[in-house]
Amino acid sequence: MFTLILLNTICLAMQHHGQTKNFNDAMNILNMLFTGLFTVEMILKLIAFKPRGYFSDPWNVFDFLIVIGSIIDVILSEINGLQNSEENARISITFFRLFRVMRLVKLLSRGEGIRTLLWTFIKSFQVRGEPDTTC
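Residues numbered from 1 in each chain as written. Predicted model: local features only at pLDDT ≥ 70, side-chain atom pairs only at ≥ 80, totals over all residues. Heavy atoms only, no water.

### With respect to the UniProt feature "signal peptide" (unreviewed entry) in the protein
The following threshold applies: UniProt positions are given in the numbering used here, feature names are shortened, and annotations may be inferred rather than shown by experiment. For helices the rule is a DSSP run of H or I covering at least 4 residues; for strands it is a run of E covering at least 2, with both sets numbered from the N terminus onward.
When the UniProt feature table is mapped to this numbering, "signal peptide" (unreviewed entry) covers residues 1–20. Annotated as residues 1–20, this span is 65% helix and 0% strand, and its ends, taken at the C-alpha atoms, are 29 Å apart.

### What about the packing of helix α1 (residues 2–14) against helix α2 (residues 21–55)?
Here is the rule: For helices, the fitted axis covers only the stretch in contact; all axes are lines through C-alpha atoms, and the angles between them, taken along N-to-C directions, range from 0 to 180 degrees. When an angle is under 35 degrees it counts as roughly parallel; over 145 it counts as roughly antiparallel; between 65 and 115 it counts as roughly perpendicular; any other value is oblique. For any helix crossing, the convention is left-handed if the near helix is rotated counterclockwise from the far helix by under a right angle, and right-handed if that rotation is clockwise. Note on definitions: a residue-residue contact is assigned when non-hydrogen atoms from the two residues lie within 4.5 Å. Residue polarity is assigned by list, with Asp, Glu, Lys and Arg as charged and Ala, Val, Leu, Ile, Met, Phe, Trp, Tyr, Cys and Pro as nonpolar; anything else, Gly included, falls into the polar class.
Between α1 and α2, the shortest axis-to-axis distance is 11 Å and the interhelical angle comes to 155°. With respect to α2, the element α1 is oriented roughly antiparallel. Crossing of α1 against α2: the hand is left-handed. Across from Leu 4, Ile 5, Leu 7, Asn 8, Cys 11 and Met 14 in α1, the residues of α2 making contact are Phe 23, Met 27, Leu 30, Phe 34, Leu 37 and Phe 38. Grouping the constituent residues of the contact of α1 with α2 by class yields 11 nonpolar, 1 polar and no charged.

### Looking at the UniProt feature "transmembrane region" (unreviewed entry) in the protein
Sequence positions flagged by UniProt for "transmembrane region" (unreviewed entry) are, in local numbering, residues 28–47 and 59–76. Annotated as residues 59–76, this span is 100% helix and 0% strand, and its ends, taken at the C-alpha atoms, are 25 Å apart.

### Observations regarding a nonpolar patch on the surface
This is how the line gets drawn: Only residues whose relative accessible area exceeds 30% and that form no salt bridge are eligible for patches; like-charged ones are grouped when within 9 Å, while nonpolar side chains (Val, Leu, Ile, Met, Phe, Trp, Tyr) are grouped when within 5 Å. Note on areas: these come from Shrake-Rupley sampling with a 1.4 Å probe, and a residue is covered only by the protein chains present in the view. The term salt bridge refers to a pairing of a side-chain nitrogen on Lys or Arg with a carboxyl oxygen on Asp or Glu at a separation within 4 Å. Partly exposed residues are those whose accessible area sits between 20% and 50% of the maximum for their type, while under 20% is buried and over 50% is exposed, using a 1.4 Å probe and protein chains only.
Together, Phe 2, Leu 6, Leu 7, Ile 10 and Met 14 make up a nonpolar patch on the protein surface, roughly 450 Å² of accessible area in all. Tracing the backbone shows Met 14 in helix α1. Met 14 sits in the partly exposed class, given a relative accessible area of 39%.

Encoded structure:
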């Protein structure tokens, strides 16, 4: 799975503005392949751990959300390909492709130092209330 996440991230990094139709088609096929493989992993883990055990682990819930978002991305990409609608394509790219990038977070979460750094990064986005003046 580590290798698949790494390869998926490389494929995402290869995409660029003005890419040819053949390159775009190849990237879409690879996206479907990666999404399929991650879906199979999720289903196998659901079977092995049973739903209660699977969803009791926060990383599994995170994986589940990433897979669902990726499936929605694939579906929207296919619909956009059929309709050739520019606005729908923007919605897919700007939101649902974020789920594919989030697989990298799973990869980075393996190490303790990276996990601490990731936790700090996530906490930095929390909305802050009034400053604490109780010192």
